[in-house]
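Descriptive analysis of the structure
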Amino acid sequence: MCQQDVEKVLQQNGKRITKQRKILLDVILNGKWECCKEIYYEAVKRDPSIGMATVYRMMATLEEIGVLERRSVFRMKDDVQHC
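So, how was this worked out
Residues numbered from 1 in each chain as written. Predicted model: local features only at pLDDT ≥ 70, side-chain atom pairs only at ≥ 80, totals over all residues. Heavy atoms only, no water. Phe/Tyr/Trp six-rings, centres within 6.5 Å; stacked < 30°, edge-to-face > 60°. Salt bridge = Lys/Arg side-chain N within 4 Å of Asp/Glu carboxyl O. Helix = DSSP H or I, 4+ residues; strand = E, 2+ residues; numbered from the N terminus. Buried < 20%, exposed > 50% of the residue type's maximum accessible area, 1.4 Å probe, protein only.

Attention now goes to the packing of aromatic side chains. Applying the stated criterion to the full structure yields 1 aromatic pair. Pairing Y40 with Y41 gives two aromatic rings, centres 5.7 Å apart and planes at 55°, and the pair type is tilted.

Spelled out as structure tokens, the structure:
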């Protein structure tokens, strides 16, 4: 899904397309992120007024409208020996 498609779905669900949301969408769609903090660190470089809470709200909104799904990932450490 491209940024314009996501923006269209946001609008169809009554969400405004703000400058901060555009920045967050660009960051989210153009990177591989493992947590909201990583998204925040990249977004705040582009707009220092973006707060961590804004990132969490955006992620919740994207999940709510069905364009993002939450997953938990667990991996074994490289130094753990297997039997």
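Tallied over the entire structure, the rule returns 6 salt bridges. Salt-bridge contacts for E64 lead to K15; the nearest nitrogen and oxygen are separated by 3.7 Å. Here the residue E64 occupies a position in helix 4 (residues 52-64), and K15 occupies one in the loop between helix 1 (3-12) and helix 2 (19-29), the gap between them amounting to 49 residues. Here D47 and K19 are joined by a salt bridge, their closest N and O atoms 4.0 Å apart. One end of the pair, D47, is in the loop between helix 3 (36-46) and helix 4; the other, K19, is in helix 2, with 28 residues separating them in the sequence. Overall, D47 belongs to the buried group, its relative accessible area being 8%. Overall, the relative accessible area of 60% leaves K19 in the exposed class. The structure contains a network of salt bridges with shared partners spanning D26, E42, K45 and R46.

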